[in-house]
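Residue-level listing of the chains:
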Amino acid sequence: MKLKWDNISHVLSHIMLSLFLLLCATVLYLGAFQDKEHLYALGLAVLACLLFFVFMPPAARWLCGLGVCRCWLLLTLFCFLFKLAWVLYVQVPIEGDYMVFWNVAKDLAQQREIHNRYVALFPHIFGYSSFLSLALSGLGPVPFLPQALNIVLTLCSGTALFFLCRRWCAPESGVAAYLLWTLCPSQTIYNSLILSEPLYTTLLLAFFLAVTYAGDFELGKQRPVFFGAAAGCFCGLILRGIQIVRPIAAVPLIALALWLILLSAELLDRQKRKFWLPLFVLMAVVYSFTGPLWQAYMTARLGEEPSSTPGYSILVGFNAASDGMWNQEDSERLYAYNGRPGITAEEVQHALLEDAKGRIADERQMIPGLMVRKLRTFLGSDHACIGYSKAVLRHTAQFSRLCNGFYYAILCFAVLGAGRLWKSGANSAILLAPLYILGLTLAQLLVEVAGRYHYSLIPVFIILAAASWTPAAA
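Residues numbered from 1 in each chain as written. Predicted model: local features only at pLDDT ≥ 70, side-chain atom pairs only at ≥ 80, totals over all residues. Heavy atoms only, no water.

A. Molecular detail of the overall build of the protein. The helix and strand tally for the protein stands at 21 helices and zero strands. For 474 residues, the compact-globule formula gives about 23 Å, and the C-alpha radius of gyration of the protein, at 22 Å, lands near that figure. Principal axes of the C-alpha set define a box for the protein whose edges measure 65 × 55 × 55 Å. With 474 residues in all, the protein has 55% of them scored as buried. Within the protein, contacts between residues separated by at least 24 positions form 81% of all contacts whose residues are at least 6 apart in sequence. Surface summary for the protein: the accessible area is close to 20400 Å², and the carbon and sulfur share equals 67%. Computed over 34 positive and 27 negative side-chain charges, the inter-centroid distance for the protein is 11 Å. (Helix = DSSP H or I, 4+ residues; strand = E, 2+ residues; numbered from the N terminus. Rg over C-alpha atoms; globule rule 2.2 N^0.38 Å. Buried < 20%, exposed > 50% of the residue type's maximum accessible area, 1.4 Å probe, protein only. Contact = heavy atoms within 4.5 Å. Areas by Shrake-Rupley, 256 points an atom, 1.4 Å probe, with all protein chains shown as cover. Lys, Arg positive; Asp, Glu negative; His and termini not counted. Charge placed at Lys NZ, Arg CZ, Asp CG, Glu CD.)

Now the structure itself:
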């Protein structure tokens, strides 16, 4: 039975990796080969790949020879200095949604009533603002506090990549992943802004780390049910944290379920089953139970019940005229509904959801082309960060090429890494990486799209990229 299921799971893994490779090929075609500037960036990517293969292996081996602690400390120090230099050099003015994050965080820190309908319509704003308010409560409105928090979160993400890749691939992979994350141009540029992406990306990597090391921790214990339940509670809290900051927690949850049930052999082993089943059940229970608690807390602070329906995002996502991106027409519709006397945030979003259903029914024939254009917007390039910093950033064309060149290089390496996983028949938790990428891409095609929204995919691509050349990618 186990041998038969192993064969089935290998077939399913190959199918999943085939879909991932198809996605990468499509993205490279839509992004790099549909624009002369992007094609130039692809040329830079090829050059970067060659340099990486020449210089990274000896550097990684040297760093690994220093020992885990010293290696991690050096990488962390380099990352800190690199990101800090950028934040001090490029000071982007606070405006737009970033100003909303900042103002709500200050109100929360000073225990003021919020009464902000915009936050009630889009409650993920409240989630990140709550995190930011914790720092404001302790330190006050220190200059560059949000940017400093971004750097701390970047270091946490790099640390998670370091240990994940050491566990999933090889020690050299951990070094490569941390260095690539440090050098990532778009991530560096985003650190100058006030945004939630660094936080939920760190939480996502923490979830992968918890699941991976929890499975290892269980092997030498005599009480797998207890440790599985404890790990499940912890993972459930991490998932709730992700959902609070950005409503994408269902994606890693489903990815874990697919890996456990279809792609790994973990549930076939009786001892491991005693660990994984309590983990998954308790994780789902804690995640579900904490949702109403957080909703009640938001209601108390906002003075009204926040919406739980993504009507506006779906409406915008199926606007063929705007390629599924923000547009003035749908924004005016949002404010028109919101201006009706006595209407609640949930009623506004529900009305927009009904409009979205009508739009989908009326424009069915345009949806396939719309999906292609949305995929190109979402994953076709990585220079969206430039637009958010253009008020103070010079040489924007060169920075765009740099961001896209690095991004295409990571995609190429990720393809190689996925190929190694295919060849080795890997069924370890590293398969959560391509599963998450596929899942988030499918989810994003249903709602409003923007280049910034693939931020959390960059470190996941880096995980696969780091697996492309190391001795044991399995």
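B. Representation of the environment of isoleucine 189. The topology assignment puts isoleucine 189 in helix α9 (residues 185-190). You can call isoleucine 189 buried: its relative accessible area is 2%. Along the chain, isoleucine 189 and isoleucine 94 lie 95 residues apart, while their C-alpha atoms are 14 Å from each other. If near-sequence neighbours (up to four positions away) are discounted, isoleucine 189 is found in contact with Trp86, Cys385, Ile386, Ser389, Phe399 and Cys403.

C. Focus on the side chain of threonine 159. With respect to the element layout, threonine 159 can be found in helix α7 (residues 145-168). If we ignore the near neighbours within four places in the chain, the residues touching threonine 159 are Trp72, Thr76 and Tyr178.

D. Structural detail: the packing of helix α3 (residues 68-89) against helix α8 (residues 171-183). Where α3 contacts α8, the axes come no closer than 9 Å and their chain directions differ by 10°. On the basis of the axis angle, α3 is roughly parallel to α8. On α8, the residues touching Cys71, Trp72, Leu75, Thr76, Phe78, Cys79, Phe82 and Lys83 of α3 are Val175, Tyr178, Leu179, Trp181, Thr182 and Leu183. Among the residues making up the contact of α3 with α8, the classes are represented as 11 nonpolar, two polar and one charged. (Axes fitted to C-alpha atoms, helices over the stretch in contact; angles between N-to-C directions. Parallel < 35°, antiparallel > 145°, perpendicular 65-115°, else oblique. Nonpolar A, V, L, I, M, F, W, Y, C, P; charged D, E, K, R; others polar.)

E. How the structure looks around helix α4 (residues 97-109). For α4, which comprises 13 residues, the first-to-last C-alpha distance of 18 Å matches the rise-based estimate of 18 Å (1.5 Å per residue) to within 8%. All of the buried residues along α4 are Tyr98, Val100, Phe101, Trp102, Val104, Ala105, Asp107, Leu108 and Ala109. Looking one or two residues past α4, glutamine 111 carries a phi angle of roughly 60°, positive in sign. (Expected span 1.5 Å × (residues − 1).)

F. Summary view of α3. Relative to the 32 Å expected for 22 residues at 1.5 Å per residue, α3 spans 32 Å between its end C-alpha atoms, a close match to the ideal helical length. Within the span of α3, buried status applies to Cys71, Leu75, Thr76, Cys79, Lys83, Trp86 and Val87. Here the buried residues of α3 occupy an arc of 120° about the axis, which is enough to place them on one side. Residues of α3 that are exposed and point over 90 degrees away from its buried face: Cys69, Arg70 and Tyr89. (Arc of directions from axis to C-beta.)

G. Inspection of the packing of aromatic side chains at higher detail. Scanning all chains against the criterion turns up 23 aromatic pairs. Ring plane angle 80° and centroid distance 5.7 Å describe the contact between tryptophan 259 and tryptophan 276, whose orientation is recorded as edge-to-face. Of this pair, tryptophan 259 sits in helix α12 (residues 250-263) while tryptophan 276 sits in helix α13 (residues 270-302), and the two are 17 residues apart along the sequence. Across this residue pair, the class does not change: tryptophan 259 and tryptophan 276 are buried. Lying across the ring of tyrosine 287, arginine 240 places its NZ or CZ 4.3 Å from the centre. Just above the ring of phenylalanine 318 sits the side chain of lysine 374; from NZ or CZ to the centre is 5.5 Å. (Phe/Tyr/Trp six-rings, centres within 6.5 Å; stacked < 30°, edge-to-face > 60°. Lys NZ or Arg CZ within 6 Å of the ring centre and 35° of its normal.)

H. Molecular detail of unusual backbone geometry. Phi is positive for aspartate 323, which is not a glycine, with a value near 60°. Take aspartate 323: it is sitting in the loop between α14 (311-317) and α15 (328-338). A residue is classified by how much of its surface remains accessible, and aspartate 323, at 23% relative accessible area, is partly exposed. Look at histidine 395: it is not a glycine, yet its phi comes out positive at around 55°. By secondary structure assignment, the location of histidine 395 is in the loop between α18 (384-389) and α19 (396-424).

I. A look at the pattern of salt bridges. If you walk through the whole model with that rule in mind, you get eight salt bridges. One salt bridge in this structure joins arginine 117 and glutamate 304, with 3.1 Å as the shortest N-O distance. Of this pair, arginine 117 sits in helix α5 (residues 117-121) while glutamate 304 sits in the loop between α13 and α14, placing them 187 residues apart in sequence. A salt bridge links glutamate 329 to arginine 359; its shortest N-O distance comes to 3.7 Å. Residue glutamate 329 is found in helix α15, and its partner arginine 359 is found in helix α16 (residues 345-362); the two are separated by 30 residues along the sequence. A single network of salt bridges, built from pairs that share partners, joins Glu329, Asp330, Arg333, Asp355 and Arg359. (Salt bridge = Lys/Arg side-chain N within 4 Å of Asp/Glu carboxyl O.)

J. Structural view of the nonpolar core. Counting 155 residues, the largest nonpolar core has Phe208, Trp259 and Phe461 as the members making the most contacts within it. Phenylalanine 461 has contacts with Phe20, Cys24, Leu379, Ile410, Leu411, Ala414 and Ile437, leaving out every residue within four places of it along the chain. (Core = buried A, V, L, I, M, F, W, Y, C linked by side-chain atoms within 4.5 Å.)

K. Expanded view of the environment of histidine 14. Relative to the elements of secondary structure, histidine 14 occurs in helix α1 (residues 2-32). Along the primary structure histidine 14 and glycine 425 are separated by 411 residues, whereas in three dimensions their C-alpha atoms are 8.1 Å apart.

L. Representation of the packing of α15 against α16 in the model. Where α15 meets α16, the closest approach of the two axes is 9 Å, and the angle between their N-to-C directions is 140°. Considering the angle they form, α15 stands oblique to α16. For the element pair α15 and α16, the recorded crossing hand is right-handed. Listed contacts from α16 to Glu329, Asp330, Arg333, Leu334, Tyr337 and Asn338 of α15 are Val348, Ala351, Leu352, Asp355 and Arg359. Its residues assigned to classes, the contact of α15 with α16 comprises five nonpolar, one polar and five charged. (Left-handed = near helix turned anticlockwise from the far one by under 90°.)

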